[in-house]
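The chain contents come next:
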Amino acid sequence: MRKKVTVIGAGNVGATAAMRLAEKELADVALIDILEGVPAGKALDLTEAAPIEKHDAKIIGATGDYAQAKDSDIIIITAGIPRKPGMSRDDLLSTNMGIMRSVTKEVAAVAPNATLIIVSNPLDAMCHVAYEASGFPKNKVIGMAGVLDSARFRAFIAMELDVSVENTHAFVLGGHGDTMVPLPRYSTVAGIPITELMSQERIDALVERTRTGGAEIVGLLKTGSAYYAPASAAVEMAEAILKDKKKILPCAVCLNGEYGIHDLFIGVPVKLGENGVEEIIEIELTDSEKEALNHSADAVRKLVEDMKRLG
Ligand code: APR
């Protein structure tokens, strides 16, 4: 039977994710938004590209009609507002938490067995909202951040060393914000740690560019935030789940004492398969890496507290 993925939010990230899902023939796609006509228009446009792109995925678009999400295997939630120049992801909190809560309730009712992939920002806080609003088990609520942050780090490593991006691996832990924790020790080119390939000064520069990678793009686009790489990252996670690949990827998941952190969504390496998060992988961290992860966890915890105050 064909797999089904529903994408909530037919904006830049959502429509790009729908396109990639269809072109990789991973699933049929339902695109849902509050805007009148837009999801249907984008779905039709993508459908008309199918003969040229050579795929048979069915793509439909709907305005507010959550029946279209029925029995989805995966729901990717991108609904919400993006950043503008000068804004941090945290500035989106009060607007996006309301949107996240309402759309999650809608999809959980029609697709109770789906896995949720959360994309809206501030990411780790939005995972908490989706987890609470859905009532889904912890393994079925997963935030997209680490795959994107690692991809940015990989792209910068490949540019720096003039090597194929395919040779690169990178790990970025922690919250999806300025406190994220890129781990150069675990970042490699053809298996060789980058600490053996570049000076500490260059590594520090790439780490900093990774941390501020989202803001760099917001500064260039002016009217919104990155969407090609975020959509690619969400689709890589969806593919791992749809194909039961048991792929290890950094994702925001709810920790139960792993890394000494309790009841908090934060980015760590996990194994993704048909049951969503199938394993949380604990890697050895140095004292300074642990300190950086705890600092990042404190920043996420503060947002969760802020949300309680906002109600
Ligand atoms: N239900 C459904 N869709 C909604 C709702 C809602 N309640 N509220 C807003 N949307 C839709 C908007 O109508 C818009 O089409 O979400 C879409 C968001 O698209 P864009 O404005 O293009 O934003 P995008 O760049 O896709 O980013 C979406 O992902 O990366 C994060 O920080 C980013 O939080 C932002 C989200």
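Small disclaimer: the values here were computed from a predicted structure and weren't measured.

Rules used in this analysis
- Residues numbered from 1 in each chain as written.
- Predicted model: local features only at pLDDT ≥ 70, side-chain atom pairs only at ≥ 80, totals over all residues.
- Heavy atoms only, no water.
- Helix = DSSP H or I, 4+ residues; strand = E, 2+ residues; numbered from the N terminus.
- Rg over C-alpha atoms; globule rule 2.2 N^0.38 Å.
- Buried < 20%, exposed > 50% of the residue type's maximum accessible area, 1.4 Å probe, protein only.
- Contact = heavy atoms within 4.5 Å.
- Areas by Shrake-Rupley, 256 points an atom, 1.4 Å probe, with all protein chains shown as cover.
- Core = buried A, V, L, I, M, F, W, Y, C linked by side-chain atoms within 4.5 Å.
- Domains from an automatic or database assignment.
- Disulfide = S-S within 2.5 Å.
- Expected span 1.5 Å × (residues − 1).
- Near = heavy atom within 4 Å.
- Polar contact = N/O pair within 3.5 Å; in protein donor to acceptor, adjacent residues only side chain to side chain.
- Nonpolar A, V, L, I, M, F, W, Y, C, P; charged D, E, K, R; others polar.
- Pairing = 2+ DSSP bridges.

As for the overall build of the protein
At step 1: Across its full length, the protein holds nine helices and 14 strands.
At step 2: Relative to the compact-globule value of 19 Å for 311 residues, the protein shows a C-alpha radius of gyration of 19 Å, a close match.
At step 3: Principal-axis analysis of the C-alpha atoms gives the protein an extent of 50 × 50 × 40 Å.
At step 4: Put simply, the protein has 311 residues, and 51% of those count as buried.
At step 5: Long-range contacts, defined here as pairs at least 24 residues apart, represent 68% of the contacts in the protein between residues at least 6 apart.
At step 6: When the accessible surface of the protein is summed, it comes to about 13900 Å², and 52% of that surface belongs to carbon and sulfur atoms.

Comments concerning the nonpolar core
At step 1: Membership of the largest hydrophobic core comes to 88 residues, with the highest contact counts inside it found for Ile76, Ile118 and Leu272.
At step 2: For this core, the element with the most residues is helix α8 (residues 228-242), which contributes nine residues.
At step 3: Residue-level mapping places this core at the junction of two domains, with at least three residues from each of domain 1 (4-143) and domain 2 (146-310).
At step 4: Setting aside chain neighbours within four positions, we find leucine 272 in contact with Ile142, Met237, Ala240, Ile241, Lys245, Lys246, Lys247, Leu249, Cys251 and Val277.
At step 5: Phe156, Ile157, Ala170 and Val172 belong to the second largest nonpolar core, which has 12 residues in total.

Some details on the state of the cysteines
At step 1: Evaluation of the coordinates by the stated rule reveals zero disulfides.
At step 2: Unpaired in this structure, cysteine 251 has its nearest cysteine sulfur neighbour in cysteine 127, at a distance of 9.6 Å.
At step 3: Accessibility expressed as a relative area gives 0% for cysteine 251, which makes it buried.

A closer look at helix α5 (residues 146-161)
At step 1: An ideal rise of 1.5 Å per residue puts 22 Å on 16 residues; α5 measures up with 22 Å between its terminal C-alpha atoms.
At step 2: If you check which residues of α5 are buried, you get Gly146, Val147, Leu148, Asp149, Ser150, Arg152, Phe153, Phe156, Ile157 and Ala158.
At step 3: Of the residues trailing α5, aspartate 162 is marked for its positive phi of about 55°.

Points about the site of the ligand
At step 1: Near the ligand, the surroundings consist of 20 residues, among which Asn12, Val13, Asp33, Thr78 and Asn121 are the closest.
At step 2: Between asparagine 12 and the ligand, the recorded distance is 2.8 Å, taken from a backbone N or O atom to an oxygen atom.
At step 3: The protein chains hide 87% of the 730 Å² of surface that the ligand would expose on its own.
At step 4: Residues belonging to the shell around the ligand are distributed by class as follows: 11 nonpolar, eight polar and one charged.

Examining the sheet that holds strand β10 (residues 188-189)
At step 1: Taken together, the three strands give an open sheet; going across it, the order is β7-β10-β11, and neighbouring strands pair in antiparallel fashion. The two strands at the open ends of the sheet, each matched to only one other strand, are β7 (168-169) and β11 (192-193).
At step 2: Note that β7 and β10 share two bridges and pair antiparallel. The residue of β10 that forms the bridge with histidine 169 is threonine 188.

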